[in-house]
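Listed here are the chains, written in short residue letters.
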Amino acid sequence: MRQFHRFFVIPVLSITLAISGCDSSPDNATEVSASGHTPPTASTRKANEQVLDLRPFGNRDDFENARRGLIAQEPELLIRHQNGGEVWNMSDYAFVDSDGENAPASVNPSLWRQAALNNIHGLFEVTDGIYQIRGYDLANMSVIEGETGWILVDPLTAKETADRAFRFVREHLGEKPVRAILFTHSHIDHFGGVQGILQHLSEDELAKLRIIAPAGFEEEATSENIIAGPSMSRRAMFMYGKRLERGERGHVGTGLGKSPAFGTFGFAAPTDLIRETGTELTVDGVPMEFQVVSGSEAPAEFTFYLPEQKAFCGAELVSRNMHNLYTLRGAKVRDARIWSGFIEDARTRFSGAEVYFGSHHWPLWGSEKIDDFLITQRDTYKFIHDQTVRLMNQGKTPNEIAEQLRLPTSLNKDFHNQGYYGTVSHNAKAVYQNYMGWFTANPARLNPLPEPDVARRYIEMMGGAEAVLKKSKQQFASAAELDAADGRDTYRWLAELLNHLVFAAPDNGEARELLAKVYDQLGYQAESAPWRDFYLSGAFELRHGAPEEGIKPAMMREVLIHTPVSNFFESMAVNLNAEAAEGEHLTIKVTFTDLEESYLLTLQNSVLHNQPVDSSTPADAGLSVTRPMFVDILVGNAGLKELLFSDEINFEGSKLDLMRFFSLLDKPEGRFNIVTP
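The shown structure was predicted, so the numbers you read here are calculated from the model rather than taken from an experiment.

Reading guide: rules and limits
Residues numbered from 1 in each chain as written. Predicted model: local features only at pLDDT ≥ 70, side-chain atom pairs only at ≥ 80, totals over all residues. Heavy atoms only, no water. Salt bridge = Lys/Arg side-chain N within 4 Å of Asp/Glu carboxyl O. Helix = DSSP H or I, 4+ residues; strand = E, 2+ residues; numbered from the N terminus. Buried < 20%, exposed > 50% of the residue type's maximum accessible area, 1.4 Å probe, protein only. Pairing = 2+ DSSP bridges. Contact = heavy atoms within 4.5 Å. Axes fitted to C-alpha atoms, helices over the stretch in contact; angles between N-to-C directions. pLDDT = per-residue confidence, 0-100. Core = buried A, V, L, I, M, F, W, Y, C linked by side-chain atoms within 4.5 Å.

Undergrad: How should the pattern of salt bridges be read in this particular structure?
TA: Side chains that differ in sign of charge can pair as their charged atoms come close. Here the structure, examined in full by the defined rule, presents 35 salt bridges. Here Arg67 ties to Asp99 by a salt bridge, and the two come within 3.3 Å at their closest N and O atoms. Placement of Arg67 in helix H2 (residues 61–67) and of Asp99 in the loop between strand S5 (86–89) and helix H3 (109–119) is noted, with a sequence separation of 32 residues between them. Judged by its relative accessible area of 29%, Asp99 falls in the partly exposed class.

Undergrad: Would you take a moment to explain the sheet that holds strand S13 (residues 280–283) for this structure?
TA: Each strand in a sheet pairs with its neighbour through backbone hydrogen bonds, running either in the same direction (parallel) or in the opposite one (antiparallel). Read across the open sheet, the 6 strands follow the order S13-S14-S15-S16-S17-S18; overall the sheet is mixed. This sheet does not close on itself; its edge strands, each paired only once, are S13 and strand S18 (364–365). The strands touched by helix H9 (residues 336–349) within the sheet are strand S14 (286–292) and strand S16 (311–313), with S14 carrying the most contacts at an inclination of about 150°.

Undergrad: Please clarify how the pairing of strand S22 (residues 621–625) should be interpreted in this entry.
TA: Two faces belong to every sheet, and in a regular strand the side chains alternate between them. With 5 of 5 residues buried, S22 lies mostly within the body of the structure. Across the two faces of S22 the burial is the same, with Ala621, Leu623 and Val625 and Gly622 and Ser624 all buried. Of the pairings in the sheet, the one linking strand S19 (residues 586–592) to S22 comprises 5 bridges and is parallel in character. Bridge pairing links Ile588 to Ala621 in S22. Bridge analysis of S22 against strand S23 (residues 650–653) gives 4 bridges, and the strand direction is antiparallel.

Undergrad: Whenever I open this one, the sheet that holds strand S20 (residues 597–604) confuses me. Can you help?
TA: One open sheet accounts for 5 strands, arranged S21-S20-S19-S22-S23; its pairing is mixed. On the outer flanks of this sheet lie strand S21 (607–613) and S23, each paired with one strand and no other. Strand-to-strand twist across the sheet, computed as the mean angle between neighbouring axes with direction ignored, equals 20°.

Undergrad: What exactly am I supposed to notice about the confidence of the model for the protein chain here?
TA: Detailed reading of the predicted model is not advised wherever pLDDT is low. With 94% of its residues at a pLDDT of at least 70, the protein chain reaches an overall mean of 92. Between residues 1–26, whose pLDDT stays under 50, and residues either more than four places distant or in other chains, the model counts 143 contacts.

Undergrad: Where do I start with the nonpolar core in this structure?
TA: Here is a general trend for soluble globular proteins: nonpolar side chains tend to be buried in one another's company. Membership of the largest hydrophobic core comes to 74 residues, with the highest contact counts inside it found for Ile181, Phe569, Met572, Val590 and Phe661. For Val590, the contacting residues outside a window of four places in its chain are Phe569, Glu597, Ser598, Tyr599, Leu601, Leu623, Val625 and Phe630. Residues Phe312, Ala353, Leu374 and Leu391 belong to the second largest nonpolar core, which totals 41 residues.

Undergrad: Sorry if this is basic, but what is going on with the side chain of Ser319 here?
TA: By the element assignment, Ser319 lies in the loop between S16 and H9. Residue classification places Ser319 among the buried positions, given a relative accessible area of 2%. If near-sequence neighbours (up to four positions away) are discounted, Ser319 is found in contact with Leu256, Tyr356, His361, Phe373, Gln377 and His416.

Undergrad: Can you walk me through helix H8 (residues 229–239) in this structure?
TA: It helps to recall that an α-helix has 3.6 residues per turn; residues three or four apart then point in one direction. The element H8 is largely enclosed, with a buried count of 9 among its 11 residues. Turning to H8, its buried residues number three or more, namely Gly229, Pro230, Met232, Ser233, Arg234, Ala236, Met237, Phe238 and Met239. Gly241 sits one or two positions beyond H8 and adopts a positive phi of about 65°.

Right, here's the structure in full:
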């Protein structure tokens, strides 16, 4: 089975994963799929059929735009890892019909349509002097023709995909020197493949190369998720369907694209930082005007405008889907009000744009259409923000708001702002969280029992596991014959009820299988690709258990070498085992010989602090090491034995104190249970 990954989180950084395969049975079959996913029920079929009445599925403009300007395509696009195995295989998605029609009953027709659009891949001309290569990774790489060479925008996630895309560009557009690379923002699918480009450049090109990024890029790109890494990576396995088959009952895409690419990840430091909106640069003869939108989709991000081509690059400020105010893998909440304001600023600032292109999806042409697109995107986020706050101020809880809030008809007639990635439901909860946090003010929610304890008491109160299972089976059977809305609500209720049963009696195989069947139906009905993958991943793990191993942190070594040193110590602090460290008082000095920097780690009160110090500062123990060697220690390439006996490390003071210190640090594997206790 082939494996694909997006961003991963180690104790130090986050990545997301997905996995390929093919559903072995058609959606109308009576048997289960190879992974155990059950057929769609009658009420699920009804629910998905009703979606066809919600929007103008006969409108084919998106398909025309997605195919417009095609120069060349690799029909059998397969990219291999430099160490063997596959990084990318578009053929895995051949089960999605090319026009996004005839959706199987196990896939929401709106998501099916989006999956078909994201299948369209190749090298495209956007307008004179601007090209895009799409479908070689989760994101796009854009190519701008300068006076003497190429300007590349967002060189994908992995070295392997960027290498293949760049060679394909050269094959069809000609070999020219690369004069600049733009990183629009700090997420790894927009910079991690940079080494796949740099390896093709001459020494002269490298010496003159400009790498342009938003202010704060280096810090954010290397440290995002550093603290909560293992937890985020485990959840990302669900969000991007790591363990799911690719097929009609499995992973069909992410909504934002097809899948993250797993390969070799790299980094390159910027030479130019964009700090203010309105900054103008001329790059290889091409005038550019920048808009800083940090704090919208990414903590460090810009968009830019090319006045000569009248082309607006929206980066990921806008996409052909509703984005996440809160991403389900876990992240800080994004501010919908600020995001909406940035879109309005772009709309007015770059009002002369006749072409829009972005970091994901396909372009748009025509000033009126671009204006309508930006207005709808702007108002979608503003509507979710304002109406959530209105209902919050009436005393509604997050769940009540999410259930009540619906986009108005005027915002629900287009496809480009629909919930293929983010949703109105979980984005509304994000707005609530941004203002109010986790507590609804109901005292019952102030100090509840942990989930397994609550589950046990609920099941006992309801007459025990057998009684609950019997009634749940009856309700599941009856749900199949209900109308779409009642059937969906019954599945939602059964998900909550059976989750209690599984947490109270995790060894009850019938309960696990029945909950998995419920998750199957909720996944099949989901318009959001992450919702679908969460439900179906939950079903998969109920049937097959948690993964045997987590993410291997060594895969991010080259990126981590650029991470600010102090961030490493912060990640070490959150891995300190407080119980084991109780009563310990240690000082450890770490000197980085290649950086000529020293840090003092102080352990006291089961808390680890760090501070920069002079190299002569005394400590109980100390080590002198290069930053790459220290990264190898953190990611597991070098263990305690290698640490103690390596010629690359010098020691001061007590080796026993040093060994005791490292023994107090947890080594999270990122494979904890989610759907079982």
